[in-house]
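Structural overview for review
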Amino acid sequence: MCTRTKLLAALLACLMFLTVGSAFAEGETVTINFWHHYSAQSAENETLMNVLIPAFEAENPGIKVNAVSHEWAELHDKVLVSAKSEALPDVARCDIAWLPEFQKMGILVALDEEMPDFSEVSGKLLESAMSTSIIGGHNYALALNTNSKIVFYNKAMLEAADVRIPATMDEWIEAVRKLSGENANGQQVWGWNEPALAGWNICPFIWSFGGSLTNDEQTEATGYINGPAAVKAVETFAELVKAGGITGFNSGDIPMTDGFGTGRYAMMLEGPWKSAELAGAYPDVAYGTAPIPAGEGGSISVLGGEDIAMFNSANKEAAWKFMQFMTDEFAETEMAKCGQIPVNKAALESETVKNADYAPFIEAIQTAKARPTVAAWSEMDNDLTVAMTAVVTGEKTAQEAMDELASKWDELLK
Amino acid sequence: MRSLNRTKIRSMVCRYILLALGTVIFTLPMIYMISTSLRPNGALYEYPPRFFPKWEALTLENYCYILSQSKFYLNFLNSVFVSLTTIVLAAALSSAMAFVLGKFKLKANRLIFGFIILSMIIPGTTMIVPQFELATKLNLVNHLWGLIPFYIAWVIPFSTFMIKGFMENIPGEIMEASWIDGANVWTVFTQIALPLASPAVASVSIFNFLTAWEEYPWANTVINDTGKRTLPIAIAGFFGQHQFTQWGYVFAMSVLTLIPVILIFILCQKFFVQGLTAGSVKG
Amino acid sequence: MLAQPFNGFENYREVFRDQTFRTVFVNSIVYTLITVPGQMAVGLLTAILLNGIKRFSVTFRVINYLPVVTSWVIASLVFRYIFNTEGLLNYFLWKIVKVTSANIRWLDTRWGGISVAMILGIWKGIGWNMVIFLAALQQVPADLYEASEIDGCGAWKKFIHVTLPGIRGTILFALIELTIGGFNVFTSIKMITGGKPAHQTDTLLTWMYYKAFSTGRFGYAAALSFVMALCLGLLAVVQFRMMRSRDN
């Protein structure tokens, strides 16, 4: 019995040693951690894991890339938490809206200062896209892709309801009402799908209706987010939700792509990745695209995009090599096949991009506006969602909710 | 006599019917989960929704997909490693503590016992934030070893409590005899107390295994890498994609995760009952 | 660690001033008040039924305990799927038994979401209660029942005057354990509603988790967890006292 116990103890010690040892072991290869939010079953992730990373590792023996996929909101939270626990990755693909926040936390590397060949590398990328990485006069990331949202509509449903593609906001309101109701099976259908009530979703409406979120200097919100145009946009949206015309942001709703593909949602506002998704999951749906309907403020969509940033705990040399690879012509062209509009000038000229017909998206990008580039945007975005939820459920009127929101934002923008 | 028998039979039949009915309704969600895992993902939005898929539509493609992902095996192994290590170390530590608390009258006993009761009242999930700060300081974030010590800490109070009861029941004469024979504390512990308390240690270990196997909040906080994930996080991760919710894959993975648990439970259900009731009836 | 200044009781003040905290606190209390008696009642009922039968009792026990060993993650996802707006349950209620006239949005509202979590909580806990109460019932001396029968008590009176007092220790034990569990509900809320809409379905723990890990406000979250620990401690002390006084 005694020897058995001793043996058990020894076995345990070995086990512990092995695992602890392996956990902390550093071989001759450098491993860089790359966090992104390409969804795990998407074409982008396939391309990343099966094409890009092997190509990079072949070109750079001695560097291994450990790519981790997080869901979009979780990626933001994980970066926040990891900053506190000093467990940050080397590189991450960040939504452009997060950069001011991360920069304020002091976790990003100022690339123009630290990387000697920065201007050469950034010269290959579109200036307008690179402008998203400039904070306080320094560049904190390389632009990776840019995008905007346009209207996708189900051709069959519009024909059946005898609705034309809406060109103005008034036409849009009518179209949404006409397209909602019941389908042949007796199931409910909606004219418009909006998957959430955050800035990414509501801003196009606010801007197209002629409103704005803050003043130009981004220091004040009162008078802007609760101004008449913005409130009208919010009101119109909430009314349509109550009339059964818009849904998608509730937990129990049919997911956006599934709903569009199965003819439950007639229209939605989405980016270039949606074409690739639909081609993969619902290839038989006949759909068309159109710019966002024009309101008093014009036809203004929201500017999106992702940049690739380096954290200051990174293995800088290896990370920089990876960042260069990801923004280079080859990687950008490959990703273009999945619906990621490149920012690499050479990639934009390639056949792939020309054939992918990004014209409608690129048009939308020209007139699209960016969400406020302030460090407090994540919290502001959360407040916006809470305010919109209150309006949509009828708890508060649009004016009330926006007034409250404006005073909250004033505090955050100080 | 006759009427007594008849009422007895009637009440028995009633009981059986009620129990059977209740049990069937009770297990409906689990049956639905299994039936959904056997359906192709495309059939999820069929109308009208069906409880059981059509016979021709039954498919194992979801399971094939999950089993073809190398990450699944990695996650499975991670879960096994974490759970086994937790129960072995927890069993060792808590039985030792129970032995001392149960058999020796030290002044610190009351204090230690008080701590144990206190820890039972405030479960680990409430203390996630301070624990995270601790894990950060110890550099355990994003390692499987960031899970194990905390799981052990969570289960020790209850395990000690359970085993102590058993230890107290060991007749003092056996121990007296071994003292006289010249045995030291360690020998008494390993050769006498532990074997006698082994039913309690076994049932407590089974509980602890289940706790570690299915734990989600702490694992989700600590583990970042996909390769280090345990099964519950993998399942939740599968689910987190907004645009496509592939319930078929989620449930196939869930069923695969549940199989070991149910097997262990069915094989060791006697220990379960023992463990549960020992603590509750005394109280 | 990013250095955080010590700001005294500011965090505690913020916790109590927060509007959402009040919503969340009410959610937690309602959840506990409904699931704890719910589980115990159904568990006790099942135990009483099981106590009288001889055959298949092990089978029934095993099957009824299965939900308890099913992990919270899996059980929550199953319930989320069932209670989906276009899911099976709504279809059943609307088209088959025709008790509703439209799809109920279980997951989209505050009380809908919490109800789903509560139903899950009760479903998951019944087996545990059943096992405990079964053991307790078997400890009640048979002669007490016989004595009461001689006194002319019917089934209900026997239950109130013999069974309940006989298992009161177990009842109190279950009460303590389940109350602690009720306030610690986390995974089910996270998986079923994620706190939506707008944190209306959050409970104390999920709100605390959000504050710490989504907004980085560790101070606030730590203050909240301390408050929770205090409340739980107080509750436990109260219940312990009840136990001790009854024993006397």
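Residues numbered from 1 in each chain as written. Chains lettered and ligands numbered in written order. Predicted model: local features only at pLDDT ≥ 70, side-chain atom pairs only at ≥ 80, totals over all residues. Heavy atoms only, no water.

1. Overview of the interface of chain C and chain B
To keep things clear, this is the line we draw: Any pair of residues with heavy atoms lying within 4.5 Å of one another is described as a contacting pair. Buried area: the sum, over both parts, of the accessible surface (1.4 Å probe) that disappears when the two are put together. A pair is scored as a salt bridge if a Lys or Arg side-chain nitrogen falls within 4 Å of a carboxyl oxygen belonging to Asp or Glu. Pairs of N or O atoms within 3.5 Å make up the polar contacts considered here, provided that, within protein, one atom can donate a hydrogen while the other can accept it, and that residues adjacent in sequence are counted only when both atoms are side-chain atoms. Numbering of helices and strands runs from the N terminus, with a helix taken as a DSSP run of H or I at least four residues long and a strand as a DSSP run of E at least two residues long. Ten residue types, Ala, Val, Leu, Ile, Met, Phe, Trp, Tyr, Cys and Pro, are classed as nonpolar, four, Asp, Glu, Lys and Arg, as charged, and the remainder, Gly among them, as polar.
Contacts between chain C and chain B engage 69 residues on the former and 64 residues on the latter. Summing the contributions of chain C and of chain B, the shared interface buries around 5,900 Å²; its carbon and sulfur component is 78%. The largest per-residue losses of area from chain C upon contact with chain B belong to Ile74(C), Tyr81(C) and Leu88(C), which jointly make up 12% of the total buried on that side. Counting across the interface, chain C meets chain B through 0 salt bridges. On the surface where chain C and chain B come into contact, there are 6 residue pairs in polar contact (both at pLDDT 80 or more). It is helix α12 (residues 218-247) of chain C that contributes the most residues to the side of chain C that touches chain B, 11 residues altogether. Taken together, the residues that form the side of chain C that touches chain B break down as 49 nonpolar, 14 polar and 6 charged.

2. Observations concerning unusual backbone geometry
Note the cut-off: With a 1.4 Å probe rolled over the protein chains alone, any residue whose accessible area is under 20% of its type maximum counts as buried; one over 50% counts as exposed, and the rest are partly exposed.
Residue Asp162(A) is not a glycine yet carries a positive backbone phi of 55°. Positionally, Asp162(A) belongs in the loop between α8 (155-160) and α9 (169-179). Judged by its relative accessible area of 63%, Asp162(A) falls in the exposed class. Positive phi, close to 55°, is recorded for Lys98(C), a residue that is not glycine.

3. Brief notes about the packing of helix α19 (residues 377-392) of chain A against helix α20 (residues 398-413) of chain A
All names here are of chain A. The condition that has to hold: To obtain each axis, a line is fitted to C-alpha atoms, and for helices this fit is confined to the stretch in contact; angles are then taken between N-to-C directions over 0 to 180 degrees. When an angle is under 35 degrees it counts as roughly parallel; over 145 it counts as roughly antiparallel; between 65 and 115 it counts as roughly perpendicular; any other value is oblique.
It is the contact of α19 with α20, at a shortest axis distance of 9 Å, that shows an interaxial angle of 170°. Relative to α20, the element α19 is oriented roughly antiparallel. Residues Trp 377, Glu 379, Met 380, Asp 383, Leu 384, Ala 387, Met 388 and Val 391 of α19 lie in contact with α20, whose contacting residues are Ala 398, Ala 401, Met 402, Leu 405, Lys 408, Trp 409, Leu 412 and Leu 413. The class makeup of the residues in the contact of α19 with α20 is 13 nonpolar, no polar and 3 charged.

4. Some thoughts on the interface of chain C and chain A
Where interface size is given, it is often the accessible area lost as the parts come together that is meant. Taken together, the contact pairs 20 residues of chain C with 19 residues of chain A. For the pair chain C and chain A, the summed buried area comes to about 1,700 Å², and 48% of that belongs to carbon and sulfur atoms. Scanning the region where chain C abuts chain A turns up 2 salt bridges. Of the charged contacts in the structure, one is a salt bridge between Arg105(C) and Asp253(A), with a shortest N-O distance of 3.5 Å.

5. Here's the deal with the pairing of strand β1 (residues 30-36) of chain A
Residue and element names in this part refer to chain A. Selection rule: At least two bridges found by DSSP between two strands are what make those strands a pair. Look down the strands so they point away from you; if the path from the first strand over the helix to the second goes clockwise, the crossover is right-handed.
In this structure, β1 lies alongside strand β2 (residues 63-69), joined through 7 bridges in parallel fashion. Among the inter-strand pairings, Ile 32 is bridged to a residue of β2, identified as Val 65. Considered for its hand, the β-α-β crossover made up of β1, helix α2 (residues 43-59) and β2 is right-handed. Pairing geometry for β1 and strand β3 (residues 91-95), over 2 bridges, is parallel. Of the residues in β3, the one forming a bridge with Trp 35 is Ala 92.

6. Some points on the nonpolar core
Filter applied, for reference: For this analysis, a nonpolar core means a set of buried residues of the types Ala, Val, Leu, Ile, Met, Phe, Trp, Tyr and Cys, connected via side-chain atoms within 4.5 Å. Start and end positions for the domains come from either an automated domain assignment or a database one.
By size, the foremost hydrophobic cluster in this structure holds 81 residues, and its most contacted members are Met33(B), Ile66(B), Phe251(B), Tyr65(C), Leu77(C) and Trp128(C). Take this core: its biggest share by element is 13 residues, from helix α6 (residues 110-139) of chain C. Taken together, domain 1 (27-59) and domain 2 (69-282) of chain B each give at least three residues to this core, which thus spans both. Beyond its immediate sequence surroundings of up to four residues, Met33(B) is in contact with Phe251(B), Ser254(B), Val255(B), Leu258(B), Ile74(C) and Val78(C). Listed in part, the 59 residues of the second largest apolar core include Trp207(A), Phe237(A), Val302(A) and Leu405(A).

7. Let's talk about the domain arrangement of chain A
Residue and element names in this part refer to chain A. Each domain of chain A was delimited in the assignment, giving domain 1 (30-147 + 305-370) and domain 2 (150-303 + 372-413). Each of domain 1 and domain 2 has a C-alpha centre, and these two points are 27 Å apart. Listed per partner, the contact involves 23 residues of domain 1 and 22 residues of domain 2. With both chains or domains summed, domain 1 and domain 2 bury close to 1,900 Å², and 67% of this area falls on carbon and sulfur atoms. The largest share of the area that domain 1 buries against domain 2 comes from Asn 147, Phe 361 and Lys 369, three residues that together contribute 34% of it. Our count for the domain 1 to domain 2 interface comes out at 0 salt bridges.

8. Side note on the domain arrangement of chain B
All names here are of chain B. On domain assignment, one finds that chain B holds domain 1 (27-59) and domain 2 (69-282). Taken residue by residue, the interface counts 7 residues in domain 1 and 10 residues in domain 2. Taken over both partners, the interface formed by domain 1 and domain 2 buries close to 670 Å², and the fraction arising from carbon and sulfur atoms is 73%. Our count for the domain 1 to domain 2 interface comes out at 0 salt bridges. Considering only residue class, the side of domain 1 that touches domain 2 consists of 4 nonpolar, 3 polar and no charged.

9. Section: the pattern of salt bridges
Residues and elements named next belong to chain A. Taken as a whole, this structure holds 16 salt bridges over all chains when the rule is applied. Where Asp 95 meets Arg 371, a salt bridge forms, and the shortest distance between an N and an O atom there is 3.1 Å. Residue Asp 95 is found in strand β3, and its partner Arg 371 is found in the loop between β14 (369-370) and α19; the two are separated by 276 residues along the sequence. With respect to class, Asp 95 is no different from Arg 371; both count as buried. Two residues, Asp 328 and Lys 124, come together in a salt bridge whose shortest N-O distance is 3.7 Å. On the criterion of sequence distance, the pair formed by Asp 328 in the loop between α14 (316-326) and α15 (329-336) and Lys 124 in the loop between α6 (118-123) and α7 (127-130) is long-range, its members being 204 residues apart.

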